[in-house]
Amino acid sequence: MIVCVAVVGQQNNPLYIQSFTNGDDTLKFHYIVHCSLDVIDEKVSNPKKLGVSLNETFLGLLYPTEDYKVFGYLSNTKIKFILVTTDQDLRDADVRNIFRRFHAAYVDAASNPFHVPGKRITSPAFAERVSSIVKSFGAAPVP
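Quick caveat: nothing in here was measured; it's all calculated off a predicted structure.

Undergrad: Before we go on, may I ask you to explain the confidence of the model for the chain in this structure?
TA: It should be kept in mind that the predicted coordinates are not to be read in detail where pLDDT is low. Scored by pLDDT, the chain comes out at a mean of 86, with 89% of its residues at no less than 70. The low-confidence segment residues 139-143, where pLDDT is below 50, has 11 contacts with residues more than four positions distant or belonging to other chains.

Undergrad: Looking at this structure, I do not really get unusual backbone geometry. What am I missing?
TA: One can expect most non-glycine residues to show negative phi and most peptide bonds to be in trans. Not every positive phi belongs to a glycine, and Asn 12 is a case in point at roughly 60 degrees. Relative to the helices and strands, Asn 12 is located in the loop between strand 1 (2-8) and strand 2 (14-19). In this structure Asn 12 comes out as partly exposed when scored by relative accessible area, which is 30%. Of note in this structure, Lys 78 is not a glycine but carries a positive phi near 65 degrees. Within the secondary structure, Lys 78 is located in the loop between strand 4 (69-74) and strand 5 (80-85). Since its relative accessible area comes to 44%, Lys 78 is described here as partly exposed.

Undergrad: Whenever I open this one, the packing of aromatic side chains confuses me. Can you help?
TA: Any aromatic ring pair is given by two values, namely how distant the centres are and how the planes are angled relative to each other. For the structure shown, the criterion picks out 8 aromatic pairs. A ring pair is formed by Tyr 73 and Phe 81, whose centres lie 5.6 Å apart and whose planes are at 65 degrees; its orientation type is edge-to-face. Relative accessible area serves as the criterion here: at 8%, Tyr 73 is assigned to the buried category. Look at Phe 81 and Phe 102: their rings are 5.2 Å apart centre to centre, the planes differ by 65 degrees, and that puts the pair in the edge-to-face class. Residue Phe 81 is found in strand 5, and its partner Phe 102 is found in helix 3 (residues 92-110); the two are separated by 21 residues along the sequence. Like Phe 81, the residue Phe 102 is buried in the burial classification. Taken together through their ring pairs, the aromatic side chains of Tyr 16, Phe 58, Tyr 73, Phe 81, Phe 99, Phe 102, Tyr 106 and Phe 126 make up a single cluster. Directly above the ring of Phe 29 sits Lys 28, whose terminal nitrogen or CZ lies 5.7 Å from the centroid.

Reading guide: rules and limits
- Residues numbered from 1 in each chain as written.
- Predicted model: local features only at pLDDT ≥ 70, side-chain atom pairs only at ≥ 80, totals over all residues.
- Heavy atoms only, no water.
- pLDDT = per-residue confidence, 0-100.
- Contact = heavy atoms within 4.5 Å.
- Helix = DSSP H or I, 4+ residues; strand = E, 2+ residues; numbered from the N terminus.
- Buried < 20%, exposed > 50% of the residue type's maximum accessible area, 1.4 Å probe, protein only.
- Phe/Tyr/Trp six-rings, centres within 6.5 Å; stacked < 30°, edge-to-face > 60°.
- Lys NZ or Arg CZ within 6 Å of the ring centre and 35° of its normal.

Okay, here's the thing in structure tokens:
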């Protein structure tokens, strides 16, 4: 189940972070997203060492924690998409599909003439679209 999604800007500033749990763990997900930025920077700066193709936008599994798996995606404009999930047996093809849909939603939100590039995404349409993507994949059960 997807428990958190995030969009992070070129300067590693959070543009959008949404948690899909009812608990008071927003700070924990901010920390997980922040830690994953270091892994993304490492993968981008040393692609040969880590076996990552710079032509590939899907960065794969960034790191597992005890409870979560963190996946990453980097757009051509250096916008980072991060997905935190509780699924232990998640296929890369499913995650790639989620990231493609998530990236398309971001492009639509960033194409809004009232959106200022580099600023937080406050569009309710974007939030609704992200929620529908997460629901179609399977959100975390709400206690």
